[in-house]
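Chain residues, written in single-letter form:
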Amino acid sequence: MRTQLSVKEVESQEGQQPQARPAPLTTIIIPAYNEVEGLPVVLSKLFAVINDTYEVIVIDDGSTDGTAEAAAGFPCRVVSHKVNRGKGKAVQTGIAAARGEKIIVIDSDNTYPVQEVPRIARELTEFDMVMASRVRGQQNIPAFNRLGNVVFRSLIRRLYGFKPHDPLTGLYGVKKASLMMMRLDSSDFGIESEITIKGARMGLKMAEIPIEYGGRIGMPKLRGLRDGYRIFRTIIKMLALYSPTVMFVLPGGILFSLGIMLLALLMSGPFSIGDLSLQVHSFIVATMVSLAGFQLGVFGFTLNLYGLSHRFIKPDFATRLFLRNRMGRNLSAIGLLICIIGLGLSAWLASGWINAGLGEFTDTKPLVLSLFMAVVGLQMVFSSVFLSIFTAELGRGEEDAEASFVSERLAYENEL
């Protein structure tokens, strides 16, 4: 068996074209940075359990210890980065070089059971994503990292609806078509959180395999505080686009409700909370809080519908409620009615002030309330029209949806 050293060398070694071979069904990507001790162990175990329907790609991420040379002793492809670019970039390089329809990623430090790779490949026939969850062997994970895993696992599962137990595992499989749709951009250890978050929000069909996590060979590359911060940053920065209901709609709803409650309390007159006295100025502040909450909600719904129209998230409860039959039309009608009532009340107050000789104006609260109603009603009308642009996109048939998927997939391939 000929050792394959790099993508470029496979194509041009000795000036000859390689013999045509059937494309592998599964590509195994092994990102490696200074793993000269662990990588040969992983490769030896791997080639003992796979056949010629697999290809193995080792991504040497700028190693300085002979990692690439160690990989060259096995029948795998080796793609080398000139400098260390991070695990995320190594995984992306592997995806770009992969020929298989199924992709399995495994760490190179011998911590994951290589014998589970064929099982993951089989499960990918039915599922879009298969996670090897570390349910045993927790003693082999440093205490600080275990704590971080618990926190990050809870955040990803609660904020994004991810179902499997271990979103940060270093052994997982995903169909290549799904990975291309994700447009991955993490350069470091945030790559797993990005893949699991996007997979959950895309509604991928997932399976889970419980495994035992082993002791690593060689020095650890993950730094608790630094890489933990990067993973946390990845989880939070993706909230805006992949969970806008949590990021915008729910906070907006809370602000709007609090503002309305405060308006209702202050309509009957000022009231005190201990030494704090709430009067007409608090009434004005309450209207501003409500308007801010309304804007946040509209922004969140816009991002939800944008994600749905481009097929990279699935609808959540708030979006499904908004998409009910004629909901947009009903909101527009309600908003128009509220706006008319607000303008009518403002006109009535202005008329009374004019008839009174334009003297001191004392109906501040009713005027603020009427103007608030007019503004909110107007926002409801125009927001419904604006959001209808996205709901119209969502009305396309299955044939158009499939065409959109193919188009985005080709665009991603061209970028690569």
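Everything below is about the structure printed above this text.
One structure accompanies this document, and this report is about it.

## Concerning the pairing of strand β4 (residues 102-106)
Counting buried residues along β4, five of its five residues qualify, which places the element largely inside the surrounding structure. On β4, burial covers both faces: Lys 102, Ile 104 and Ile 106 on one face and Ile 103 and Val 105 on the other are all buried. Two elements, strand β1 (residues 26-32) and β4, share four bridges in a ladder whose sense is parallel. Across the sheet, the residue bridging to Ile 28 is Ile 104, located in β4. Looking at chain direction, β4 and strand β6 (residues 171-175) are connected through five bridges and run antiparallel.

## Looking at the environment of Lys 45
Checked against the element boundaries, Lys 45 lands in helix α2 (residues 38-47). Sequence separation between Lys 45 and Gln 115 is 70 residues, and the spatial gap between their C-alpha atoms is 7.6 Å. Polar side-chain contacts of Lys 45 include one of 3.0 Å to the side chain of Asn 110.

## Brief notes about the packing of helix α11 (residues 244-267) against helix α12 (residues 280-309)
For the pair α11 and α12, interaxial distance at closest approach is 7 Å and the crossing angle is 155 degrees. Classified by the angle their axes make, α11 and α12 are roughly antiparallel. Considering how the two elements wind past one another, α11 and α12 form a crossing that is left-handed. A breakdown of the residues in the contact of α11 with α12 according to their chemical character gives 18 nonpolar, ten polar and no charged.

## Remarks on the nonpolar core
Buried together is how nonpolar side chains tend to be arranged in soluble globular proteins. Of all hydrophobic cores here, the largest spans 44 residues; its most connected members are Met 129, Leu 179, Met 182 and Ile 195. With sequence-adjacent residues up to four places away left out, Leu 179 is seen in contact with Ile 95, Ile 103, Val 174, Leu 184 and Ile 195. Ile 30, Val 117, Val 130 and Ile 141 belong to the second largest nonpolar core, which has 33 residues in total.

Parameters and conventions
- Residues numbered from 1 in each chain as written.
- Predicted model: local features only at pLDDT ≥ 70, side-chain atom pairs only at ≥ 80, totals over all residues.
- Heavy atoms only, no water.
- Buried < 20%, exposed > 50% of the residue type's maximum accessible area, 1.4 Å probe, protein only.
- Helix = DSSP H or I, 4+ residues; strand = E, 2+ residues; numbered from the N terminus.
- Pairing = 2+ DSSP bridges.
- Polar contact = N/O pair within 3.5 Å; in protein donor to acceptor, adjacent residues only side chain to side chain.
- Axes fitted to C-alpha atoms, helices over the stretch in contact; angles between N-to-C directions.
- Parallel < 35°, antiparallel > 145°, perpendicular 65-115°, else oblique.
- Left-handed = near helix turned anticlockwise from the far one by under 90°.
- Nonpolar A, V, L, I, M, F, W, Y, C, P; charged D, E, K, R; others polar.
- Core = buried A, V, L, I, M, F, W, Y, C linked by side-chain atoms within 4.5 Å.
- Contact = heavy atoms within 4.5 Å.

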